[in-house]
Amino acid sequence: MTCQHISTRSTLFASAALALILGMTGSALAQDTADQPPQAELEDHTTQPQDQYQPSLDVLAEEELPVPGAPEGVEPLTQAEFNEANEIYFQRCAGCHGVLRKGATGKALTPDLTRELGFEYLQSFINYGSPAGMPNWGTSGDLTPEQVDMMAKYIMLDPASPPEWGMPEMRESWIVHVPPEDRPTEKMNDWDLDNLFSVTLRDAGQIALIDGGTYEIRKVLDTGYAVHISRMSASGRYLFVIGRDAKVDMIDLWMEDPSVVAEIKIGSEARSVETSKMEGWEDKYAIAGAYWPPQYVIMDGATLEPLRIVSTRGMTYDEQVYHPEPRVAAILGSHYRPEFIVNVKETGKIQLVDYTDLKNLKITEIDAERFLHDGGLDSTRRYFITAANARDRLVVIDTKEGTLEAVTDTGGITPHPGRGANIEHPVYGPVWATSHLGGESVALIGTDPEGHPDQAWKIVDSFYALGGGSLFVKTYPGSNHLYVDATLNPDAEISGSVAVFNIDEFDDDPETEPEYTTLNIAEMAEITEGQPRVVQGEFNKDGTEVWFSVWNAQDMESAIVVINDETLELVKVIKDPRLITPTGKFNVKNTQQDIY
Ligand code: DHE
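Conventions and cut-offs
Residues numbered from 1 in each chain as written. Predicted model: local features only at pLDDT ≥ 70, side-chain atom pairs only at ≥ 80, totals over all residues. Heavy atoms only, no water. Helix = DSSP H or I, 4+ residues; strand = E, 2+ residues; numbered from the N terminus. Rg over C-alpha atoms; globule rule 2.2 N^0.38 Å. Contact = heavy atoms within 4.5 Å. Areas by Shrake-Rupley, 256 points an atom, 1.4 Å probe, with all protein chains shown as cover. Lys, Arg positive; Asp, Glu negative; His and termini not counted. Charge placed at Lys NZ, Arg CZ, Asp CG, Glu CD. Buried < 20%, exposed > 50% of the residue type's maximum accessible area, 1.4 Å probe, protein only. Pairing = 2+ DSSP bridges. Near = heavy atom within 4 Å. Polar contact = N/O pair within 3.5 Å; in protein donor to acceptor, adjacent residues only side chain to side chain. Nonpolar A, V, L, I, M, F, W, Y, C, P; charged D, E, K, R; others polar. Donors = N, O, S within 2.8 Å, 3.2 Å for Na, K, Ca; no water. pLDDT = per-residue confidence, 0-100. Core = buried A, V, L, I, M, F, W, Y, C linked by side-chain atoms within 4.5 Å. Patch = residues over 30% accessible without salt bridge, like charges linked within 9 Å, V, L, I, M, F, W, Y side chains within 5 Å. Salt bridge = Lys/Arg side-chain N within 4 Å of Asp/Glu carboxyl O. Phe/Tyr/Trp six-rings, centres within 6.5 Å; stacked < 30°, edge-to-face > 60°. Lys NZ or Arg CZ within 6 Å of the ring centre and 35° of its normal.

## A look at the overall build of the protein
Consideration 1: Helix and strand counts for the protein come out as 12 helices and 35 strands.
Consideration 2: Against the globule reference of 25 Å for 596 residues, the protein gives a C-alpha radius of gyration of 23 Å, in line with a compact fold.
Consideration 3: Projected onto its principal axes, the C-alpha positions of the protein cover 70 × 60 × 50 Å.
Consideration 4: In the protein, of all internal contacts separated by at least 6 residues, the share reaching a separation of at least 24 is 58%.
Consideration 5: Surface summary for the protein: the accessible area is close to 21,400 Å², and the carbon and sulfur share equals 47%.
Consideration 6: Charge centroids of the protein, computed over 45 positive and 95 negative side chains, lie 6 Å from each other.

Right, here's the structure in full:
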């Protein structure tokens, strides 16, 4: 273990401006109202990457909701002020404090508490923030003094309650553009589907389908608003894309001209979609999870017909108190049982949803850890390793037995693995890697309970990469490289680069730090304006080349940079006016087979 503590070299965010550039905002408003730090300390703190990387509920922010009446002693807001306050609240505050203000990573802000604290207190807190994680919205310049006053009044009113989205609304939104009987029975195009990349064009609400051999943009398709991720059906035929507006688009890659064959809206805000991967159940079902309303829906895998909606409202796993809006984070299709693995964020429960009988639905509910976010499978695909990010922990699920295997402290602040990276460590055997949002450490966790029982589910090594604000790590079976980005680091040179470690140089010497090569990907892309951020490596089908997005603001040039994995030399810079805010990239074969 070479990095026991998070280094003071950690670079921190000084303002919320980055979040605005990237279209993501929010954070804790009042972490602990009982033990407030002194005012001087409040005025002195800076906001950190993990405080900024919170859900922004942009779609709910657009809803016009009726202004609640103000009781005696509370100043009323006009409908126009309430609309503006709602927009600010859903974009910047609801990610931490919850849509209904009952609290999530941030404290509850229900009127019984806020009216007790009073206007001046709330105004000061919004203005200065707190070292416990609340951004300084006023002094950073993100909110005007008038907006700070308005928000202090707003949180003393009753919370706005956005609409539910049940079966009638889902069916109303469901469109089958091409019914299964009108689709081809074999692949009708000459595309190398295994090597196709689905690239998120975040702010355009589109995806680009790019050929991994020729780097040609084959097609750009309209999808949901602020589109988030793509996942593949088990057969590799259907591509599923989800937008933050909870719109799912299903694309048939066998068509002569691959197109959207079905679509549905499963709520107001969502982040995850997945398909049934168990042998015998390939392409049978799809599932999508929502942030609002808190629910997931199992759909027909050929048409997206909504079949079964499950609400996630319920008790937190630890204190066993009711939570009205536990969001659905990562979802994975198990390879060992006909089950979906569903992360329920705020209650800290992982549900194993047996899809063999949707009428008599069996759900195994595992007490895990709160604030579950993203994660992936180990190299055998038996264990699901996922981050409880605001608790600095990893949770391991045995998907074969359907049980909790371990909960492990990562030794870093806010693990953010994406799907993680599976490495064959020269000393410790199979390990899985995560980087951290809140510091520059990378942690390796042992994943081989049979071959290496002493290391299983322990952090076997931890070392420094480029800096705080990392979002994704990446390697490939047979590759000697581990790539670590630093997307949200405030330093432009760091956020434009990736660290590359040589896996065969990893050792068990606690005194040495592994060396790394820095690749300045943004420089390779020759983008001179804006602050392009380099994000999420993804390999091609053979594992010979790795792609990075150079993610700039919507009105500026972005690019995709392709690197030779063996030599680390530049292979190609893909630039095109259609490549607007490229972020996630999903190679068809790797996504279909869960190779990472
Ligand atoms: Fe993501 C995965 C949620 C912001 C790019 N992101 C995920 C998953 C969740 C999630 C729950 C796991 C899905 C799964 O596996 O089923 N993301 C959130 C948020 O709540 C958050 C923090 C804020 C928000 O308002 O959405 C957020 N995410 C971002 C971004 O700003 C990123 C960097 C750029 C973008 O396009 O939005 C981003 N998230 C990604 C990517 C993945 C992802 C590329 C999939 C990684 C993979 O390798 O599978």
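Still more ground to cover, so stick around.
## Looking at helix 8 (residues 145-154)
Because an α-helix completes one turn every 3.6 residues, residues spaced three or four positions apart along the sequence face the same direction.
Consideration 1: When you tally the buried positions in helix 8, you get seven out of 10 residues, the bulk of the element.
Consideration 2: When helix 8 is considered as a whole, its buried residues turn out to be Gln147, Val148, Met150, Met151, Ala152, Lys153 and Tyr154.
Consideration 3: The secondary structure elements touched by the buried residues of helix 8 are helix 5 (79-97) and helix 7 (119-128).

## Re unusual backbone geometry
Consideration 1: With an omega of -15°, the peptide bond running from Trp292 to Pro293 counts as cis.
Consideration 2: Positionally, Pro293 belongs in the loop between strand 10 (285-292) and strand 11 (295-300).
Consideration 3: Although it is not a glycine, Glu526 sits at a positive phi angle of roughly 55°.
Consideration 4: Here Glu526 shows up in the loop between helix 11 (521-524) and strand 31 (533-539).
Consideration 5: Relative accessible area serves as the criterion here: at 63%, Glu526 is assigned to the exposed category.

## Considering the sheet that holds strand 29 (residues 497-502)
Consideration 1: One open sheet holds the four strands; their spatial order is 27-28-29-30, and the pairing between them is antiparallel. Edge positions in the sheet fall to strand 27 (473-474) and strand 30 (516-520), since each has one partner strand and no second.
Consideration 2: Strand direction decides the pairing type here: strand 28 (residues 481-485) and strand 29, joined by five bridges, are antiparallel. Across the sheet, residue His481 finds its bridge partner in strand 29, namely Asn502.

## Thoughts on the site of the ligand
Consideration 1: Among the 26 residues in the neighbourhood of the ligand, the closest are listed as His228, Arg271, Tyr291, Arg419 and Thr583.
Consideration 2: Within the side chain of Arg202, an N or O atom sits 2.9 Å from an oxygen atom of the ligand.
Consideration 3: Taking Arg271, its side chain carries an N or O atom lying 2.6 Å from an oxygen atom of the ligand.
Consideration 4: Contributing elements (two or more residues each) for the shell around the ligand: strand 5 (229-232), strand 9 (269-275), strand 15 (328-333) and strand 35 (582-587).
Consideration 5: Considering only residue class, the shell around the ligand consists of 12 nonpolar, nine polar and five charged.

## Points about the coordination of the iron atom of the ligand
Consideration 1: Just one protein atom coordinates the iron atom of the ligand, and that atom is His228 (NE2), at 2.2 Å.
Consideration 2: Mapping His228 onto the fold places it in the loop between strand 4 (217-222) and strand 5.

## Here's the deal with the confidence of the model for the protein
Consideration 1: Mean pLDDT over the protein works out to 91, with 91% of the residues at or above the 70 mark.
Consideration 2: The model gives residues 3-35 a pLDDT under 50, and that stretch makes 120 contacts with residues more than four places away or in other chains.

## Quick word on the pairing of strand 22 (residues 403-409)
Remark: a regular strand shows side chains that alternate across the two faces of the sheet.
Consideration 1: Taken together, the six bridges between strand 21 (residues 393-398) and strand 22 define a ladder with antiparallel strand orientation. Along strand 22, the bridge assignment pairs Ile397 with Leu404.

## What to know about the nonpolar core
Consideration 1: With 33 residues, the main nonpolar core has Phe90, Ile126, Met151 and Tyr154 as its most contacted residues.
Consideration 2: Secondary-structure elements contributing two or more residues to this core are helix 4 (58-61), helix 5, helix 7, helix 8 and strand 10.
Consideration 3: Among the elements that line this core, the one with the most residues is helix 5, at seven residues.
Consideration 4: Val248, Ile264, Ile266 and Leu304 belong to the second largest nonpolar core, which has 24 residues in total.

## Side note on a negative patch on the surface
Consideration 1: A cluster of like negative charges, contributed by Glu62, Glu81, Glu84 and Glu87, occupies part of the molecular surface.
Consideration 2: Positionally, Glu84 belongs in helix 5.
Consideration 3: Overall, the relative accessible area of 34% leaves Glu84 in the partly exposed class.

## Points about the pattern of salt bridges
Consideration 1: By the definition in use, this model includes 23 salt bridges.
Consideration 2: For the salt bridge of Glu346 with Arg327, the shortest nitrogen-to-oxygen distance reads 2.9 Å. Here Arg327 lies in the loop between strand 14 (322-323) and strand 15 and Glu346 lies in the loop between strand 16 (339-344) and strand 17 (349-354), a separation of 19 residues in the sequence.
Consideration 3: Of the residues examined, Arg327 reaches a relative accessible area of 3% and is grouped as buried.
Consideration 4: The salt bridge involving Lys474 is made with Glu538; its shortest N-O contact spans 3.3 Å.

## Structural notes on the packing of aromatic side chains
Consideration 1: Scanning the entire structure with this criterion turns up 18 aromatic pairs.
Consideration 2: Consider the rings of Phe197 and Trp547, whose centres lie 3.6 Å apart with planes at 10°: the pair is stacked. Taken together, the positions of Phe197 in strand 2 (residues 196-201) and Trp547 in strand 32 (residues 545-551) put the pair 350 residues apart, joining distant regions of the chain. This pair shows no difference in class: Phe197 is buried, exactly as Trp547 is.
Consideration 3: Between Trp281 and Tyr285 the ring centres are 6.3 Å apart and the planes differ by 20°, which places this aromatic pair in the stacked class.
Consideration 4: The structure contains a cluster of three or more aromatic residues connected by ring pairs, namely Phe82, Tyr89, Phe90 and Tyr154.
Consideration 5: Over the face of the ring belonging to Tyr291 we find Arg327, whose NZ or CZ atom lies 5.5 Å from the ring centre.

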